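# Topology and contacts: notes
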Amino acid sequence: MTTSSESGEAPSAALRTEALEQLLTERGLIDSEIVDAFITNYETNVGPLNGAKVVAKAWTDPEYRRRLLADGTSAIKELGFGGPQGEHIVVVENTPTTHNVVVCTLCSCYPWPVLGLPPGWYKDPVYRARVVKEPRTVLSEMGLDLGDDVHITVRDSTSEVRWLVLPERPAGTEHLTEEELVPLVTRDAMVGVAKAAAA
Amino acid sequence: MEGIADMGGTSGWGPARPPRADEPVFAEPWQGRAAALTILATRVSGRNVDAFRHAQERLDRAAYLDEGYFGRWLNAAELMLTEGAVLAPGEIDARARALRGEHVENPPVSVSVPESARPDAGPPTSAIAAWRSAPGSLRTIDAAPAFAVGQRVRAQNISPPGHTRLPGYVRGHAGVVEVVQPAAVFPDTHAHFLGENPQHVYSVRFDSHELWGEGADSFAVTVDLFENYLETTS
């Protein structure tokens, strides 16, 4: 207990989170072990590695690729991925001349089962505000320069539909197996702010 | 409603930065706890995902922005819990001040947890499991879609006073239906406990010049719009 910290300053989010956890626990409404389990799950089990496995399979298995583009939710479920924020996943393909990039301008909707929780830049007002108005400029600022001949489609996730980008398979990877391709598939390529690159 | 959350097309945010490949899921430990607690709070206060988004939508600019994404979740959780009469107004602040050693008066806690405030809450250990297996938002409906793929439609130029998923930047603008998506619960009523009103959802493709004028770069935006938001074009 200190008195030096007493001030009119509002308590930090960290302190208010601790307060909230105490209050709900005391009322018997939550259990801190459940909170721990949620954190562990999204830090270790549910992340972009899931989506990378989906993409690598689509790159190496034409029949799976066809199913994935026709019915993303079912094809993704074949690999065991589904759950909250993934009720209906639509997969769109990027090619040398068409580029899809995903946003949620109203909050930060994101396909959790295949990509985990969204990264900082996806939740940033800069991205949410500008990518629907000047996508070519925003992508360039983020490090992806697209030629004027590339048709850009921005996917604004305003309903419960969740969008996943199937990036182009990088040139020079024809000899790699599905397992060897997985590490080349990045979160950013599956949202459409980067391309997958050969290692 | 109009609010800070409806960000599409707004200005003054500065440049975007290149993504960091090694970004942690939770940059600070409180963020993961705030995320889990917010999901639990939505449930124990008897709310749903649409009411959660509406709670975020009603935050003022500082509450929405100053402590980032998980800060706005935490603030929305507090709003749901006080409106659901699970916590008293000011209770979190008072406890947080007590945690840092201040001598504070606790706000009067006349609230218990009325059963009506948490109809589906169940025991605490099941809350996350229940969230994982919740029925979700998709519904099968008998009505045929009012609009067809390839049809030109217009997003209504309306300003719903409550929750809505009709972004300001498409209101009044015309586009073409690209995909008829599965029917889903209508957020505008569900957020206010006024019924599910499930209806078809359309991915509507808007040309950049229609949205942003002749000087805009050439591209397209698809927006996933509920049937109630759309009308035919003349």
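As annotated in an unreviewed UniProt entry, chain B carries the name Nitrile hydratase subunit beta and comes from Streptomyces olivochromogenes. Taken from UniProt, the Catalytic activity (unreviewed entry) comment for chain B reads in full: "an aliphatic primary amide = an aliphatic nitrile + H2O".

Looking at an unreviewed UniProt entry, one finds chain A named nitrile hydratase, with Streptomyces olivochromogenes as its source organism.

Here we come to the packing of helix α1 (residues 13-26) of chain A against helix α1 (residues 29-44) of chain B. Put simply, α1(A) and α1(B) touch, their axes get as near as 9 Å, and they point 45° apart. The angle between α1(A) and α1(B) falls in the class oblique. Crossing angle aside, the handedness with which α1(A) passes α1(B) is left-handed. Counting all contacts with α1(A), which are made through A13(A), A14(A), T17(A), L20(A) and E21(A), the residues of α1(B) involved are W30(B), R33(B), A34(B) and L37(B). Its residues assigned to classes, the contact of α1(A) with α1(B) comprises six nonpolar, one polar and two charged.

Residues and elements named next belong to chain B. By domain assignment, chain B separates into domain 1 (29-132) and domain 2 (152-232). Contacts between the two partners involve eight residues from domain 1 and, on the opposite side, 10 residues from domain 2. In total, about 720 Å² of surface goes out of reach between domain 1 and domain 2, with carbon and sulfur atoms giving 55% of it. Summed over the three residues of domain 1 that lose the most area to domain 2, namely N48, D50 and H54, the buried surface amounts to 58% of that side. Our count for the domain 1 to domain 2 interface comes out at zero salt bridges. Across the contact surface, domain 1 and domain 2 share three residue pairs in polar contact (both at pLDDT 80 or more).

This part is about unusual backbone geometry. Even without being a glycine, Q85(A) presents a positive backbone phi close to 65°. Relative to the assigned elements, Q85(A) resides in the loop between α5 (72-78) and β1 (88-93). Notably, A85(B) is not glycine yet its phi reads approximately 60°, a positive angle. Note on A85(B): relative accessible area 23%, which makes it partly exposed.

Moving on, we get to the UniProt feature "domain: Nitrile hydratase alpha/Thiocyanate hydrolase gamma" (unreviewed entry) in chain A. UniProt's feature table lists "domain: Nitrile hydratase alpha/Thiocyanate hydrolase gamma" (unreviewed entry) at residues 13-194 of chain A, given in the numbering used throughout. Regarding residues 13-194 of chain A, the helix share stands at 48% and the strand share at 13%, and the terminal C-alpha atoms are separated by 32 Å.

Residue and element names in this part refer to chain B. Compared with an ideal rise of 1.5 Å per residue, which puts 16 residues at 22 Å, helix α4 (residues 68-83) spans 23 Å between its outermost C-alpha atoms and is within 8% of the ideal. Most of α4 sits inside the fold, with 12 of its 16 residues counted as buried. Looking at α4, one finds that the buried residues are Y69, F70, G71, R72, W73, L74, N75, A76, A77, E78, M80 and L81. Within two residues after α4, A85 carries a phi angle of roughly 60°, on the positive side.

Okay, the layout of surface pockets next. Empty space among the atoms can be located by rolling a probe the size of a water molecule over them. Of the volumes computed, that of the second largest pocket is approximately 500 Å³. G120(A), W121(A), K123(A), R17(B) and E23(B) are, among the 28 residues lining the second largest pocket, the residues nearest its centre. Per element, the largest residue contribution to the lining of the second largest pocket is five residues, and it comes from α4(B). In terms of residue class, the lining of the second largest pocket is built from 17 nonpolar, four polar and seven charged.

Another point: the confidence of the model for chain A. Taken residue by residue, chain A gives an average pLDDT of 95. The fraction at 70 or more is 96%. Confidence drops under a pLDDT of 50 for residues 1-5 of chain A, and excluding neighbours within four residues, the segment shows six contacts in the predicted structure.

What follows is about the pairing of strand β4 (residues 220-226) of chain B. Taking burial as the measure, the seven residues of β4(B) include seven buried ones, the bulk of the element. Bridge count between strand β3 (residues 151-156) of chain A and β4(B): four bridges; the pairing is parallel. What sits directly across from V154(A), in β4(B), is V221(B). The pairing of strand β3 (residues 199-207) of chain B with β4(B) spans seven bridges and is classified as antiparallel. Considered in β4(B), the bridge of V204(B) is made with V223(B).

Conventions we followed
Residues numbered from 1 in each chain as written. Chains lettered and ligands numbered in written order. Predicted model: local features only at pLDDT ≥ 70, side-chain atom pairs only at ≥ 80, totals over all residues. Heavy atoms only, no water. UniProt positions renumbered as here; feature names shortened; annotations may be inferred. Axes fitted to C-alpha atoms, helices over the stretch in contact; angles between N-to-C directions. Helix = DSSP H or I, 4+ residues; strand = E, 2+ residues; numbered from the N terminus. Parallel < 35°, antiparallel > 145°, perpendicular 65-115°, else oblique. Left-handed = near helix turned anticlockwise from the far one by under 90°. Contact = heavy atoms within 4.5 Å. Nonpolar A, V, L, I, M, F, W, Y, C, P; charged D, E, K, R; others polar. Domains from an automatic or database assignment. Buried area = accessible area lost by both parts, 1.4 Å probe. Salt bridge = Lys/Arg side-chain N within 4 Å of Asp/Glu carboxyl O. Polar contact = N/O pair within 3.5 Å; in protein donor to acceptor, adjacent residues only side chain to side chain. Buried < 20%, exposed > 50% of the residue type's maximum accessible area, 1.4 Å probe, protein only. Expected span 1.5 Å × (residues − 1). 1 Å grid on protein atoms, 1.4 Å probe; cavity = no way out; pocket = protein on both sides within 12 Å on 5 of 7 lines; lining within 4 Å. Points joined across faces, edges and corners; volume = space filled by probe spheres on them. pLDDT = per-residue confidence, 0-100. Pairing = 2+ DSSP bridges.

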